Each structure stands twice: as C-alpha cells, then as structure tokens.
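# Observations on chain architecture
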Amino acid sequence: MQKKILKDLLNVVKGITPPDCVVRNGRIVNVFTNAIEENLLIVIKHGFIASIEKDGGGSPYGDAPVIDAEGLYLCPGFIDSHTHIDSMYSFHALVPYAVKGGTTTIITEMGIVGDATGIEGAEVFIDSTKGYPVRCYFVAPAHTPPLPELEGALGISFKEFSRLLKREDFVGIGEAYWMRALDGDDRFLKQAGLAMSLNKRLDGHAAGARGKRLVEYALTGITSCHESVNVDEAVEKLRYGIYVMIREGFVRKELPELARLKDHDVDKRRILLVSDTFDPGMLCEEGYLDSVVRNAIRYGFAPIDAIKMASINPADYYGLRHLGAIAPLRYADILFLKNLEDISIEKAMVNGEMVLEGKRFLKEIKPYEFPLSMRQTITAAKCVEEDFKVKADPKHREIRVIEVANETITRETRHRPSVKDGYIEKDLENDIIPVAVINRKNSRQRGNGFIKGTGIKKGAISTTIVWDTGNILVTGSSEKDMELAVNRIIDIQGGIVITSGGEIIYELAMPVFGTLSGESMEYLRDKVKDLDIAIRIIGTSFSKPFLNIQTIPFTGLPFLRISDKGLADIKTRKLVPLFIR
C-alpha cells in the first residue's frame, strides 16, 4: 500500500480531497455483522472504499459523481478461491464472463502450464492475467509433475518454485496430493516449509485421506481441501483445522451433499465455495460464482452465509486484506443485486469503476498477445501406426488393462488377449482398445497399454488437455486413426482431435502452451457442444466424455494409470509391466 494512497484516503474523509465517486441508496450486506444496512454512503477513492457513513441527503462531497443504487442490495465481489484456468480458455476471454457471474477475484492453480512449459510458460501465463478488471492470484504448483518417477514433464525446479511463491500475487501452494506428502517427499516438504515461513497457505487434495492419514497430512501444514464428498469427511477436516472448500463446478457438484453442513455446529467462516473450473458452456449459460452462491442458498444456506463463503471467507483464508467486504480500506468491488435469494446481478463495480450494467459488460478487452515460443511447445516427432501396436509376449499372455470405474477413477483389470501376426489384438466386443501417452517433447518416450470402458468402437481421440502433464493422450479402436489423431495434434500444437475411418471429424486447436485456445468463449462453448456430438459418433459411452478422457493419465487419483513412461500403479507409486509375470 503506497503512502500517497493512504494519505489521499484519509484526506477524503477529512474533506480535504474529493472522492472519485459516491454510492448511495443501496442496501449494504455487512459480512461482519450479518446485517443489511441502509441510508449509508459508500465513498470511493483510488479504487478503495474510503468511508461508509450516514447519508444525510444533499451532496456532502461537492461535485463528486454519485451512483444511485436505487435500493439494490450491495455485496462484495465474489472470490473463486480454487480453480484451474490454465487450460481451455485464455484469461482475457474469461474476464467478461467472470464479471457477469459476480466474480471479481480468481485464485488459480497453474500445474498444467508448469508441467508442460516450465517456468517460462508459467511466467507468461501470469503476465497474461494482468491489466484486466478481474484480479488474479496464484498458487505455486506443488507437484510438477505429481510423480516424476512415473511420468515425464518439463516442470518447475525448487529454485523457480521459491521465486514464484515469494511473489505478492502468489498466496500459497497449489493442491498438494496427500500420498506424496505422507511419503515424506523431500520436494514437497521443502515447499511446505517455505510456505509456512512466508505465512502462505497450503491447499490440499485429500481425496480418500481419513483418520490417522488425515492427521499426518495436517502435520505437513495443509490448510484446506476441496475433495470432501460427504459431510463426515468435511466435519473431520474442520475438526483438524482444515478449511473446507465446497466444489460446485465442471468436475463435480458437491453442494447437494455438503450443504448439510448448515445443520452442524461448525464454524462456517471456515467453509468456502469454489468452482474447481467452469467450462465454456457453463460460463456462457449458467454464470459463474453467482450460480454457485445461488445453489448454496437453494440447498439451505442462509443468503448472507452463502455470500460470505464466496467473499470474506476466502479473503480471510488467503490473507487478502483488501478484499471480501464493503468496508473502509477494501477494494471497491461491489455487486448490485436485485435480491439476495436469486443473486441476480444488475450492475458490478471493480476497483471503484462500473464494469457491468444491465447484463452488459462495459469495458473493452484487449486480447493478450502470447509469444510465438508459447505457441510452439510440442516438439514430439510424428508417429506411425505401428507405434500403437504392442508385441505379444509368448511367455506371459495375460495383461493389465486400465478399466474406467467412473468419471475420474480407474482401476486394474486383467485380460488374456488374442494375438495376430505377433501383436496383441484389441477386443472391441469386450470394449478393450489401445491407449498411449506420448511425451510432448519426445515421441520416443511413450507409454502403451490397453483400456476398457470407453465404448469407442469406430475411431480415435487424441488430446493434450490432460491432468497434469500436458502430454499427448490417444486412445481408439483403430491404430491408423490413432496415428492420424496424434499427428494432427502435433500439427495444430495441442488441443483435441477426433478421427474416424481415416478422416478427421473434429478438431479444436489449443496452441497456447498446448492447453489454451485464443478463441472467444462463445466459440469454445459451441466447440465443446460439437465435441460431445463427435465423441459419441466414435461410440464412447462416457457420461462426461471430455472429463473422462482428460483424467485417464492423471496420477493424482487411483488406481491404474498410464503415462509416457508406461503403466503406473498409483497405490504403490511404481511403474508396472503390461504383461503379468
């Protein structure tokens, strides 16, 4: 905080310096007293609230512009305290939709960019969020990649990580997988020690950690978790002082279950509402955090409690002193609401400037120009059909197969395949097809295997939108279609490609880092809808096909996965052979 700004704010209240504007006739939602306050003036200078004081009528601040709230409710701008905006859309495309959805501050993970393009890409990603009417803070990626012994990625060194974490716009460490922490992983423990010495947060990923394992996890410094799927898990975390993030977004929607926390005698200040990512369709058609707060109210939380879970609670959690409330020395990020039940946003102010009125975004957004080096990050050589065929082993006929259990979990099953011309045959009747992950820098570093449960019977899909490495995933019923899909992905420098019968039937280029598109949100919304159609054409049975596909190589969840180094048993944290000996 600059001395001049503080002096000017004081001088505004003393009547020496004029404010930039005054807001009157609003019903202020006070997140500290749980009260709705009326007949008050909000006095604004340099984007900050200088004063909140009795409105005696007239013009106490002379010719300062007056914004008439016309009886609307005024609440602080929402803070999405856990999301991932390093894949799919660029920040400049997100900004208008964030504001329309009441979200004026975003705290994002950046593990995919860190894995895929290292510190150079990470710093470009950070820079791409600056200068827009939505604030962006970051959490430094704890695991790049999550399990380096099992998967390849460019990643970020500890020295580079330290440089990021010491920045003012970094509020903590990104989600740290509990298995790594409990292993006593030196990399993570060094990161955790640094975060605690800097008084920064350590966001967790405690899916499946209960009892003693959760206690051990808490001992590593973890301060939050967004992976609770039932009330018992959430209450246990709260008992150990771990903040509970309720996820309600593209990956999962946990409010229907976790809203039951309203009936428990717990400190609701330690509950946050988060998106964990909204896809383009949701942003265009549902809104953003306004829809999450609305759902929280619909599931039984009191309106002020729901608003606090998306404003002052995350601000306090991350130590964002100037956010989360309508109060002196807070940023003038204000939502003008028609009512508190529907969270219907009529206007929005960011930094004391009106940026939304009548659902219309008022600011001109200049797209960020990404450097050419960040549009040419995939250097793997082209593949051939034979790269996706696996030679049979006459001594060991039974193989491990990745079986899709649900939208994000896989498990190991076993299969005795047919052999033709010395190669393992796919088994379309039993839904077993080839799958491979190719290192984005080196196509000779490739893991081959088989997967069951995709439903794909007439084509292939390849993508670089995978958790967390950004490597190239491909699976399909035809090795020729797999070859075509992978090679097209390399040509367009990342994204999603679907092939069938030797033809490309769908593609979505994401050349920035190999994970982001530079296109508009409406374009991406339509392309995602087209993706759902195209992926059904090749026969997939997935309930959420895009989510299912991108999580196949993800080593942060159980059980059997595939990486560019081969099959990985997540429980034992070891690479395992395809053939069972």
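These notes cover the structure that comes with them. Treat the numbers as computed from the prediction; the structure is a model and nothing was measured.

### What about the overall build of the chain?
- Within the chain, the regular secondary structure consists of 16 helices and 34 strands.
- Summarising its shape, the C-alpha atoms of the chain cover approximately 90 × 50 × 45 Å along the three principal directions.
- Classification of the 581 residues of the chain by burial places 62% in the buried group.
- Considering only contacts in the chain between residues 6 or more positions apart, those separated by 24 or more positions represent 68%.
- Entry remark: accessible area of the chain is about 22,100 Å², with carbon and sulfur atoms responsible for 48%.
- The averaged location of the 79 negative side-chain charges in the chain is 3 Å from the averaged location of its 76 positive side-chain charges.

### Regarding the pattern of salt bridges
- As enumerated under the stated definition, the model contains 32 salt bridges in all.
- Of the charged contacts in the structure, one is a salt bridge between Glu236 and Arg210, with a shortest N-O distance of 2.4 Å. You can see Glu236 sitting in helix α8 (residues 231-239) and its partner Arg210 sitting in the loop between β13 (201-205) and α7 (211-219), a full 26 residues away along the chain.
- When its relative accessible area of 34% is taken as the criterion, Arg210 is described as partly exposed.
- Among the ionic pairs, Glu403 bridges to Arg411, the shortest N-O distance being 3.5 Å.
- Judged by its relative accessible area of 18%, Glu403 falls in the buried class.
- With relative accessibility at 41%, the residue Arg411 sits in the partly exposed group.
- One network of salt bridges, with partners in common, ties together Glu227, Arg247, Arg252, Glu254 and Asp276.

### As for a nonpolar patch on the surface
- Where nonpolar side chains cluster on the molecular surface, the patch consists of Val215, Leu219 and Tyr240 and spans about 290 Å² of accessible area.
- Structurally, Val215 is set in helix α7.
- Under the relative-accessibility criterion, Val215 is labelled partly exposed at 34%.

### Considering the sheet that holds strand β27 (residues 460-463)
- If you trace the eight strands from one edge of the open sheet to the other, you get β22-β21-β26-β25-β28-β27-β29-β30, paired in mixed fashion. Only two strands of the sheet have a single partner each, and these edge strands are β22 (410-415) and β30 (503-509). Between one strand axis and the next, the sheet turns through 25° on average, direction left out of account.
- Two elements, β27 and strand β29 (residues 495-500), share four bridges in a ladder whose sense is antiparallel. Bridge pairing in β29 links Ile461 to Ile498.
- Lying over the sheet, helix α14 (residues 479-492) contacts β25 (432-438), β27, β28 (472-476), β29 and β30, oriented at roughly 150° with respect to β29.
- Where helix α15 (residues 521-537) meets the sheet, it contacts β27, β29 and β30, and its direction lies at approximately 150° from that of β30.

### Points about the packing of helix α3 (residues 111-127) against helix α4 (residues 158-165)
- The N-to-C vectors of α3 and α4 enclose an angle of 15°; their axes lie 11 Å apart at closest approach. Here α3 is positioned roughly parallel relative to α4, judged by the angle of their axes. Like other packed secondary-structure pairs, α3 and α4 cross with a definite hand, here right-handed. Judged by residue contacts, Ile119, Glu123 and Ile126 of α3 engage Glu160, Arg163 and Leu164 from α4.
- Considering only residue class, the contact of α3 with α4 consists of three nonpolar, no polar and three charged.

### A word on the sheet that holds strand β17 (residues 334-337)
- Strand order in the open sheet made by the seven strands is β3-β2-β7-β17-β18-β19-β20, with mixed pairing throughout. Each of the sheet's edge strands pairs with one partner strand only, and the pair in question is β3 (35-37) and β20 (360-361).
- Bridge count between strand β18 (residues 345-350) and strand β19 (residues 353-357): four bridges; the pairing is antiparallel. Looking at β19, one finds that Met349 is bridged to Met354.

### Let's talk about α8
- Across the nine residues of α8, seven count as buried, placing the element largely inside the fold.
- Within α8 the residues assigned to the buried category are Val231, Glu233, Ala234, Val235, Glu236, Lys237 and Leu238.
- Elements in contact with the buried residues of α8: α7, β14 (224-225), β15 (243-247) and α9 (255-258).
- For α8, the side-chain oxygen to backbone nitrogen distance between the N-cap and Asp232 is 3.2 Å, and the N-cap itself is Asn230.

### Brief notes about the pairing of β19
- Between β18 and β19, which pair antiparallel and follow one another directly, the connecting turn spans two residues, one of which, Asn351, has a positive phi of 55°.
- Counted along the chain from β19 to the antiparallel partner β20, the turn is two residues long, and its residue Gly358 has a positive phi close to 60°.

### A short note on the environment of Gly26
- Considering the arrangement of structural elements, one finds Gly26 in the loop between β1 (21-24) and β2 (27-30).
- Linking Gly26 and Ser51, residues 25 residues apart in sequence, is a C-alpha distance of 15 Å.
- In this view, Gly26 contacts Glu37, Glu38, Asn39, Ala69, Leu72 and Leu74; residues no more than four positions away in its chain are not counted.

### Topic: the side chain of Asp279
- Structurally, Asp279 is set in the loop between β16 (271-274) and α10 (280-285).
- Look at Asp279 and you get buried, because its relative accessible area is 15%.
- A polar contact of 2.8 Å, which involves the side chain of Asp279, links it to the backbone nitrogen of Met282.
- Setting aside chain neighbours within four positions, we find Asp279 in contact with Tyr89, Phe250 and Val528.

Definitions and limits used
Residues numbered from 1 in each chain as written. Predicted model: local features only at pLDDT ≥ 70, side-chain atom pairs only at ≥ 80, totals over all residues. Heavy atoms only, no water. Helix = DSSP H or I, 4+ residues; strand = E, 2+ residues; numbered from the N terminus. Buried < 20%, exposed > 50% of the residue type's maximum accessible area, 1.4 Å probe, protein only. Contact = heavy atoms within 4.5 Å. Areas by Shrake-Rupley, 256 points an atom, 1.4 Å probe, with all protein chains shown as cover. Lys, Arg positive; Asp, Glu negative; His and termini not counted. Charge placed at Lys NZ, Arg CZ, Asp CG, Glu CD. Salt bridge = Lys/Arg side-chain N within 4 Å of Asp/Glu carboxyl O. Patch = residues over 30% accessible without salt bridge, like charges linked within 9 Å, V, L, I, M, F, W, Y side chains within 5 Å. Pairing = 2+ DSSP bridges. Axes fitted to C-alpha atoms, helices over the stretch in contact; angles between N-to-C directions. Parallel < 35°, antiparallel > 145°, perpendicular 65-115°, else oblique. Left-handed = near helix turned anticlockwise from the far one by under 90°. Nonpolar A, V, L, I, M, F, W, Y, C, P; charged D, E, K, R; others polar. Polar contact = N/O pair within 3.5 Å; in protein donor to acceptor, adjacent residues only side chain to side chain.

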